[in-house]
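Structural features, examined
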Amino acid sequence: MKYTVSVEIALPRERTAQLLADPAQLPKWLRGLVLHEPVSGAHGQLGTTSRVVMQMGRRSFECIETITRREPADLHRIPEGGVVRFEREIVAEGMWSAVSDRLTEAGPGRTLWESGNEYRFSSLPMRLVGRLMPGSFRKQSLRHMRDFKAFAEEGKDVRDAKG
């Protein structure tokens with residue numbers, strides 16, 4: 001299963017990239033995050049592997065995330081007109097996923113965040129979920145992006161939200 005979602009953020013690309021890459025900010029916009037800890041490497045850096053635990057309703061979901069691309073490495077010196085890329089591979093029981101995030105200038109002080117997502121399922125329960133509810137994956141990705149947008153633009157923290 002593959003899909004792409006996008007959102008425009010009313011912040012410069014450099015600031016958007018810095019907020020996305022800052023581990024201290026993750027709990028403020030990544031709804032359901034219980035734990036995001038590096039197992040090897042430094043958070044957000046190329047090659048880093050992290051253990052991630054998410055809570056979705058009554059269910060807990062654990063996976064291993066590996067950063068497979070981060071360009072440029074220094075998010076404080078992004079060339080004008082340049083593209084920021086974050087790519088990661090996520091492995092969980094019965095599932096493999098690759099996420100490719102791309103940040104481009106959308107106008108003065110605006111950033112377009114495009115996220116390409118690919119999922120492969122190896123267990124029967126996950127294959128059924130992928131077939132019966134493919135829209136739920138896209139909807140969840142878009143929700144995280146919209147939560148980040150609200151955090152980045154307005155300072156909204158998902159931990160303060162009800163439901």
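Everything here concerns the structure above.
Residues numbered from 1 in each chain as written. Predicted model: local features only at pLDDT ≥ 70, side-chain atom pairs only at ≥ 80, totals over all residues. Heavy atoms only, no water.

1. Let's talk about the pattern of salt bridges
- Counted according to the given criterion, the structure contains 15 salt bridges.
- The residue Arg 77 makes a salt bridge to Asp 74 at a minimum N-O spacing of 3.1 Å.
- Residue classification places Arg 77 among the exposed residues on the basis of a relative accessible area of 67%.
- We note a salt bridge from Asp 157 to Arg 159, for which the minimum N-O separation is 2.6 Å.
- Relative accessible area serves as the criterion here: at 16%, Asp 157 is assigned to the buried category.
- Overlapping salt bridges bring together Glu 37, Arg 51 and Glu 62 as one network. (Salt bridge = Lys/Arg side-chain N within 4 Å of Asp/Glu carboxyl O. Buried < 20%, exposed > 50% of the residue type's maximum accessible area, 1.4 Å probe, protein only.)

2. Structural notes on helix H1 (residues 13-21)
- Taken across its nine residues, H1 has seven buried, putting it largely inside the fold.
- Within the sequence span of H1, burial applies to Arg 13, Thr 16, Ala 17, Gln 18, Leu 19, Leu 20 and Ala 21. (Helix = DSSP H or I, 4+ residues; strand = E, 2+ residues; numbered from the N terminus.)

3. Let's talk about the side chain of Arg 13
- Here Arg 13 shows up in helix H1.
- Aside from chain neighbours lying at most four places away, what touches Arg 13 is Ile 78, Pro 79, Glu 80, Gly 81, Gly 82, Val 83, Val 84, Leu 103, Thr 104, Glu 105 and Thr 111. (Contact = heavy atoms within 4.5 Å.)

4. A look at unusual backbone geometry
- Between Glu 71 and Pro 72 the backbone carries a cis peptide bond, its omega angle lying at -10°.
- Within the secondary structure, Pro 72 sits in the loop between strand E4 (59-71) and strand E5 (84-92).

5. Some thoughts on the environment of Ala 10
- Note that Ala 10 resides in the loop between strand E1 (2-9) and H1.
- Sequence separation of Ala 10 and Pro 108 is 98 residues, and the distance between their C-alpha atoms is 9.0 Å.

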